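Observations on the three-dimensional arrangement
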Amino acid sequence: MHFLDQAKIYLQSGAGGPGAVSFRREKYIEYGGPDGGKGGKGGDIVLEAVAGLNTLIDFRYSQHFKAKRGQHGQGKDKTGAGAKDLVIQVPVGTQVLSEDKEEVLVDFTELGQRVVFLEGGMGGRGNASYKSSTNRAPRQHQPGEPSEEMWVWLRLKLLADVGLLGLPNAGKSTFINAVSNARAKVGHYAFTTLVPKLGVVRHKAREFVLADIPGLIEGAADGAGIGDRFLGHIERCRVLIHLIDIAGDDPAEAMQVVREELAAYGAGLEDKPQLVALNKLDLADKELGEAFSQELLDAGADKVFTVSGVSGEGIEELLDAVLSYLPDRTATETKTVEVEDESTLGSGEEGEWSPI
C-alpha cells in the first residue's frame, strides 16, 4: 500500500555553537586582550506545505530529522557560522500532533504555509564579550543553547470540496471515474477501494475536488471492515454525496447504517449536508427507483437523486446540487492547491522527491 496518511517522526533542532576563549597575539602589540567570538546559531526545524504531494509515504523510510549545530566561535572576534534550517515538506492538509495524539500543534491548510516548528539554539558568548575594566583577561565563555527535540505524529487529511461515501460495492469507484479525472479500480466485490481516491470534477465551467473513501459497514467505528480511520479525509468537505445501491437488500437500512457510523465517528460529520443518491439505476426500472426513493424520504432523507455511474443518467442534476454548496471559487479554481490524477496518488512514482 503506497498511500500513507499517518506517520510518527522525530525532530531535533540544532544546538548553538560554543563561544571561543582566545587572546589577541600580535607582534609589537602589548596586552592584546581577549578576542574570542561567539558561536553560531543552530538550525531551525521548519515545516512547509507544498503542492504535488498527497501521501506521507516518504516518512515511512525517513523518520529522524536533525538540523545541524552552529559552529564554534573563533579568535579575532569571529562569530561561528550559523547552521542552515532544515525544511521538511509535507502535503497540504497535514496536521502535526503531539506524541500522545491529544493536541494538534499545527494544521497546514494552505499552500505555502510555513512554520518554524523547533528553533535552533543561540550561539554561546565568547570571552571577548566578558571584557570589562575590572576583568581584563576573562576566560569565561558559554557553551551555546541546547537543541530542542520531540516526537510528533503527522496526520494527513486530504483537502476536498465534496466527499463520496457509502456501503462497500455501492458503485463509488464507477461514479468517481464517470464524473472526474480519477482512474479508480472497479471490481464486482466489496472493498475494491482500499485507500482514499481524489478526482477533479469539471461541471458547468466550475471545478472542485471529489474524495472517495473506502466503504463503511456496520460497526466500522469499532474497527469492522476497514474501520473508520479514513473518515478524517472528508472532515473538511463542504458537502457529502451518499451513494446507495438500488440493487441492495434494503436501501433505507443502508442509509441508516452509514449515518450511524458518521455519528459514532463524530467530528461533525453527521451534521454535514448530505446528498442521497440511489446509484445503479441502469439495473432497475423507473418504478422501482421511485419506490425506493420514497422509502429513503420516509427514512429521513431530504431529497433523493437517482443516478447511474455507468449510463450517466441523473448525474448532471446531482452535480448541479453539489455546486449550490460550494463557494464562489474553490481551491482548484484559485490554483491554491494542486491536485494530481488519482493514478499518481500514493503511487510512489514521484521521482527523487524526499521530505527534506
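As a further point, take the overall build of the chain. Assigned secondary structure in the chain consists of 4 helices and 14 strands. Here the C-alpha atoms of the chain give a radius of gyration of 29 Å, more than 25% beyond the 21 Å that 2.2 N^0.38 yields for 356 residues. When the backbone C-alpha atoms are referred to their principal axes, the chain occupies close to 110 × 40 × 30 Å. The buried share of the chain, reckoned over its 356 residues, is 51%. Here the analysis covers contacts within the chain between residues at least 6 apart in sequence; of these, 75% occur between residues at least 24 apart. Per element, the accessible surface of the chain, about 17,300 Å² overall, is 47% carbon and sulfur. Charge-centre separation for the chain: the mean point of 38 positive side chains lies 17 Å from the mean point of 54 negative side chains.

So, about the packing of aromatic side chains. Aromatic ring pairs are described here by two measures, namely the spacing of the ring centres and the angle between the planes. Scanning the model with the defined rule gives 2 aromatic pairs in all. Where tyrosine 10 meets tryptophan 151, the ring centres are 5.3 Å apart and the plane angle is 55°; that geometry is what we call tilted. Taken as a pair, tyrosine 10 in strand S1 (residues 6-12) and tryptophan 151 in strand S8 (residues 149-156) lie far apart in primary sequence, 141 residues in all. Lying over the aromatic face of tryptophan 151, lysine 8 brings its terminal NZ or CZ to 5.4 Å of the ring centre. The ring of tyrosine 130 has arginine 125 sitting right over it, with the charged end atom 4.1 Å from the ring centre.

Quick look at the nonpolar core now. Generally speaking, nonpolar side chains in soluble globular proteins are found buried as a group. Ranked by internal contacts, the top residues of the largest apolar core, which has 44 residues, are Leu11, Ile45, Phe59, Ile88, Val96, Phe117 and Leu262. If you list the elements that add at least two residues to this core, you get S1, strand S2 (45-50), strand S4 (86-91), strand S7 (114-118), S8, strand S11 (206-212) and helix H2 (251-265). Counting 24 residues, the second largest nonpolar core, distinct from the first, contains Ala170, Ala182, Val239 and Ile241.

Let us look at the sheet that holds S2. Sheet architecture is open: 3 strands sit in the order S4-S2-S7, paired in mixed fashion. The outermost strands of the open sheet, each flanked by one partner alone, are S4 and S7. Sheet twist, expressed as the mean angle between neighbouring strand axes with direction ignored, is 30°. For S2 and S4, the ladder comprises 6 bridges, and the chain directions are parallel. If you follow alanine 49 over to S4, its bridge partner there is valine 90.

Across the sheet, 5 strands lie side by side as S3-S1-S8-S5-S6; this open sheet has mixed pairing. On the outer flanks of this sheet lie strand S3 (64-66) and strand S6 (104-107), each paired with one strand and no other. Along the sheet, successive strands turn relative to each other by an average axial angle of 30°, direction set aside. Here 4 bridges tie strand S5 (residues 94-97) to S8, and the two strands are oriented antiparallel to one another. Residue pairing across strands places leucine 97 opposite tryptophan 153, the latter belonging to S8.

Glancing now at the pairing of strand S12 (residues 239-245). Here S12 lies mainly inside the structure; 7 of its 7 residues are buried. Both faces of S12 are covered, namely the face carrying Val239, Ile241, Leu243 and Asp245 and the face carrying Leu240, His242 and Ile244. Of the pairings in the sheet, the one linking strand S9 (residues 162-166) to S12 comprises 5 bridges and is parallel in character. Each residue of the ladder has a partner; that of glycine 163, found in S12, is leucine 240. The pairing of S12 with strand S13 (residues 274-279) spans 6 bridges and is classified as parallel. If you follow isoleucine 244 over to S13, its bridge partner there is leucine 278. As for the winding sense of the linkage, the β-α-β connection from S12 through H2 to S13 is right-handed.

Another aspect to go through is the confidence of the model for the chain. With 91% of its residues at a pLDDT of at least 70, the chain reaches an overall mean of 85. Residue range residues 340-351 is modelled with pLDDT below 50. Its contacts to residues more than four positions away, or to other chains, number 24 contacts.

Before going further, it helps to spend a moment on helix H3 (residues 286-298). Over its 13 residues, H3 extends 18 Å from the first C-alpha to the last, a length consistent with the 18 Å expected when each residue adds 1.5 Å. Along H3, the residues that are buried comprise Gly289, Phe292, Ser293 and Leu296. The buried residues of H3 occupy an angular sector of 110° when projected down its axis, which confines them to one face. Summarising the geometry of H3, the exposed residues directed more than 90 degrees from the buried face are Glu287 and Asp298. Those residues of H3 that are buried are in contact with S12, H2, S13 and strand S14 (304-306).

Rules used in this analysis
- All residue numbers refer to position in the chain's written sequence, counted from 1.
- The predicted origin of the model limits local features to residues at a pLDDT of at least 70 and limits the giving and counting of side-chain atom pairs to 80 or more, whereas totals for whole chains, interfaces and linings rest on all residues.
- In computing side-chain values, all of the structure's heavy atoms are included and hydrogens and water are not.
- In this text, helices come from DSSP runs of H or I with a minimum length of four residues, and strands from runs of E with a minimum of two, each type numbered from the N-terminal end.
- To get the radius of gyration, use the C-alpha atoms; to get the globule rule, take the number of residues to the power 0.38 and multiply by 2.2 Å.
- For each residue, the accessible area found with a 1.4 Å probe, counting protein chains only, is set against the maximum for its type, and the residue is called buried under 20%, exposed over 50%, and partly exposed in between.
- Any two residues whose heavy atoms approach within 4.5 Å are treated as being in contact.
- In these tables, accessible area is a Shrake-Rupley quantity obtained with a 1.4 Å probe, and a residue counts as shielded only by the protein chains included in the view.
- Note that His is not counted, nor are the chain ends; the positive residues are Lys and Arg, and the negative ones are Asp and Glu.
- Working definition for charges: the position is that of NZ of Lys, CZ of Arg, CG of Asp or CD of Glu.
- Here a Phe, Tyr or Trp ring, Trp counted by its six-membered ring, pairs with any other such ring whose centre lies within 6.5 Å, and the pair is stacked when the planes are under 30 degrees apart, edge-to-face when over 60, and tilted otherwise.
- Cation placement over rings: the criterion is NZ of Lys or CZ of Arg within 6 Å of the ring centroid and within 35° of the ring normal.
- Residue types Ala, Val, Leu, Ile, Met, Phe, Trp, Tyr and Cys, when buried and joined through side-chain atoms within 4.5 Å, form a set referred to as a nonpolar core.
- Note on pairing: DSSP must find at least two bridges between two strands before they are called paired.
- Helix axes are fitted to C-alpha atoms over the stretch in contact, other axes to C-alpha atoms as well, and angles between N-to-C directions run from 0 to 180 degrees.
- Convention used here: a crossover is right-handed provided that the path from the first strand, over the helix, to the second strand proceeds clockwise when the strands point away from the viewer.
- Per-residue confidence from the predictor is given as pLDDT, running between 0 and 100.
- Expected helix span is computed as 1.5 Å times (number of residues minus one).
- To obtain the arc, one takes the directions from the helix axis to the C-beta atoms.

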